[in-house]
Amino acid sequence: MKAFKLFLVFLFISAAGTVLFFYTDFPDWYSRIFSGLSQFKEESIPSFTEKIEQKIFTPPPLEAEKEAPQSHLTVEGVIAWTNIQRAKEGLPLLEESALLAEMAQAKVDDMFLRQYFAHESPLGVEVGDLAEEFNYRFIIIGENLALGNFQDDQVLVQGWMDSPGHRENILNDRYSEIGVAVGRGVFNGAETWLAVQHFALPLSACPQPDAELKEEIDSNQVQIDDLLLVLIETEKELKSLRRGNRTAYNQKVDEYNSLVSRYNELVEQTKVLVEDYNLQVALFNDCASGTD
């Protein structure tokens, strides 16, 4: 009988030790899990649009040194002679952009209307503002302006080529598109020509990060935040059940473990998506900066 009592005492001590081990180990395990998750939440997902530094080149406007009585300018001729100059330097020819052409025409019309000859209008509108107005998304953009009765398109383009800033725009190897407008009208009381060249590298020239991938990452982060709140509440419930019903406690432990599994799986999945997205952002930024 004495031996049986000693056996019962041994069983009680063993069971108590098991329960004590489980309860003291649980907070450490929980803490380790959440310290890892907090490190993940500190990771940032860059937005590629925030990393783009748009560049604008606007050399001082050019006025004709000599007035030609039979002056005549054309859009087609200005583009052709511009591409001839690029071909001489082994540069790719510029493709005409309908949007850039509309922007250039709007600039010509506005200069005649408001009687100014400058990159910035009296209302403070510049070429970058025009691009936004016409929904032309660009990485780099440039504007050449000319005023006067140039003899023809070749003479006009040569005048720009003889001016360092305008020459840099014409021969910029990063531009891929061009838009031109010319117009004759009354400026400062005299009949004359105004000419505008718009050059640009459109945003679409570089590989865009996957917008759907970014949406998936954002959606996952919302789910992760929601799961974290549920985990915190479940952990509080577990603490309140430590001295309560063991069956209810074990059920809550199973529920908690399932939540942790879902949470960690979603975190790992999102990490992979973030790495993929960040790589796409890096490739885009290399292209946008001209370092690819």
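Asks: Is there a simple way to explain the overall build of the protein in this structure?
Replies: Scanning the protein for helices and strands turns up 9 helices and 6 strands. Put simply, the protein has 292 residues, and 42% of those count as buried. Within the protein, residue pairs in contact and separated by at least 24 positions form 80% of the contacts whose partners lie at least 6 positions apart. Surface summary for the protein: the accessible area is close to 16,700 Å², and the carbon and sulfur share equals 53%.

Asks: How do you make sense of the pairing of strand E5 (residues 177-187) when you look at a structure like this?
Replies: For E5, the tally of buried residues reaches 9 of 11 residues, placing the bulk of the element in the interior. Pairing analysis gives 2 bridges linking strand E3 (residues 95-96) to E5, with the strands arranged parallel. Bridge pairing links Glu 96 to Ile 178 in E5. Two strands pair when backbone bridges link them, and E5 and strand E6 (residues 190-202) are joined in this way by 11 bridges, in the antiparallel orientation. Residue pairing across strands places Val 180 opposite Gln 197, the latter belonging to E6. Taken together, E5 and the strand that follows it, E6, pair antiparallel across an intervening segment of 2 residues, in which Asn 188 is found at a positive phi of about 55°.

Asks: Which parts of the structure should I look at to understand the pairing of E6?
Replies: For a regular strand, the rule is simple: side chains alternate between the two faces of the sheet. Burial analysis of E6 places 11 of its 13 residues in the buried class, which makes it a mostly covered element. Here 9 bridges tie strand E4 (residues 138-147) to E6, and the two strands are oriented antiparallel to one another. Following the sheet pairing, Ile 141 is matched in E6 by Ala 200.

Asks: Help me out: how do you make sense of the confidence of the model for the protein in this one?
Replies: Detail in the predicted coordinates should be disregarded across regions flagged by low pLDDT. Averaged over all residues, the pLDDT of the protein is 82; the fraction at 70 or higher stands at 81%. This model gives residues 1-50 a pLDDT under 50, and the stretch forms 50 contacts once residues within four places in sequence are excluded.

Asks: Is there a simple way to explain helix H9 (residues 246-289) in this structure?
Replies: Given 3.6 residues per helical turn, the α-helix brings residues three or four places apart onto the same face. Counted at 1.5 Å a residue, the expected span for H9 with its 44 residues is 64 Å, and the 63 Å between its end C-alpha atoms agrees. Following H9 by one or two positions, Gly 290 has its phi on the positive side, about 80°.

Asks: Please clarify how the packing of helix H8 (residues 211-240) against H9 should be interpreted in this entry.
Replies: Each pair of packed helices gets described by two things: the angle between the helix axes and the distance between those axes. Running from N to C, H8 and H9 point in directions that differ by 155°, and their axes come no closer than 9 Å. The orientation of H8 relative to H9 falls into the category roughly antiparallel. The element H8 and its partner H9 pack so that their crossing is left-handed. In terms of residue class, the contact of H8 with H9 is made up of 19 nonpolar, 6 polar and 8 charged.

Asks: Any chance you could explain the pattern of salt bridges here in plain terms?
Replies: Pairing between side chains of opposite charge can happen when the charged atoms of each approach one another. Counting across every chain of the model gives 7 salt bridges. The shortest N-O distance in the salt bridge between Arg 184 and Glu 191 comes to 3.7 Å.

Asks: Help me understand the packing of helix H3 (residues 75-88) against helix H6 (residues 153-161), please; the structure alone is not making it clear to me.
Replies: Look at H3 against H6: their axes get within 9 Å of each other, and the N-to-C directions meet at 45°. Judged by the angle between their axes, H3 and H6 are oblique. The interaxial crossing formed by H3 with H6 has right-handed handedness. In this structure, H3 uses Gly 77, Val 78, Trp 81, Thr 82 and Gln 85 to contact H6, whose residues at the interface are Asp 153, Gln 154, Leu 156, Val 157, Gln 158, Trp 160 and Met 161.

Asks: Just to check I follow, could you spell out a negative patch on the surface for this structure?
Replies: A cluster of acidic residues, Asp 210, Glu 212, Glu 215, Glu 216, Glu 275 and Asp 276, forms a negative patch on the protein surface. Elements with a minimum of two residues in the negative patch: H8 and H9. The topology assignment puts Glu 216 in helix H8. Among the residues examined, Glu 216 registers a relative accessible area of 34% and is labelled partly exposed.

Asks: Please explain the nonpolar core as it appears in this structure.
Replies: Generally speaking, nonpolar side chains in soluble globular proteins are found buried as a group. Counting residues in each nonpolar core, the largest one holds 30 residues, and the members touching the most others are Val 78, Ile 139, Phe 150, Leu 156, Trp 160, Ile 170 and Val 182. Those elements that place two or more of their residues in this core are H3, E4, H6, E5, E6 and H9. If we ignore the near neighbours within four places in the chain, the residues touching Trp 160 are Leu 62, Val 78, Asn 144, Leu 145, Ala 146, His 166, Arg 167, Ile 170, Ala 195 and Gln 197. Core analysis: the next-biggest nonpolar cluster, separate from the first, contains 13 residues, Leu 228, Val 253, Tyr 256 and Tyr 263 among them.

Asks: What exactly am I supposed to notice about H6 here?
Replies: All of the buried residues in H6 are Asp 153, Leu 156, Val 157, Gly 159, Trp 160 and Met 161. Contact partners of the buried residues in H6: strand E2 (62-63), H3, E4, helix H7 (164-170) and E6. Two or three places before Gln 154, at the opening of H6, Asp 152 has a side-chain oxygen 3.2 Å from that residue's backbone nitrogen.

Each value, and the rule that gives it
Residues numbered from 1 in each chain as written. Predicted model: local features only at pLDDT ≥ 70, side-chain atom pairs only at ≥ 80, totals over all residues. Heavy atoms only, no water. Helix = DSSP H or I, 4+ residues; strand = E, 2+ residues; numbered from the N terminus. Buried < 20%, exposed > 50% of the residue type's maximum accessible area, 1.4 Å probe, protein only. Contact = heavy atoms within 4.5 Å. Areas by Shrake-Rupley, 256 points an atom, 1.4 Å probe, with all protein chains shown as cover. Pairing = 2+ DSSP bridges. pLDDT = per-residue confidence, 0-100. Expected span 1.5 Å × (residues − 1). Axes fitted to C-alpha atoms, helices over the stretch in contact; angles between N-to-C directions. Parallel < 35°, antiparallel > 145°, perpendicular 65-115°, else oblique. Left-handed = near helix turned anticlockwise from the far one by under 90°. Nonpolar A, V, L, I, M, F, W, Y, C, P; charged D, E, K, R; others polar. Salt bridge = Lys/Arg side-chain N within 4 Å of Asp/Glu carboxyl O. Patch = residues over 30% accessible without salt bridge, like charges linked within 9 Å, V, L, I, M, F, W, Y side chains within 5 Å. Lys, Arg positive; Asp, Glu negative; His and termini not counted. Charge placed at Lys NZ, Arg CZ, Asp CG, Glu CD. Core = buried A, V, L, I, M, F, W, Y, C linked by side-chain atoms within 4.5 Å. Polar contact = N/O pair within 3.5 Å; in protein donor to acceptor, adjacent residues only side chain to side chain.

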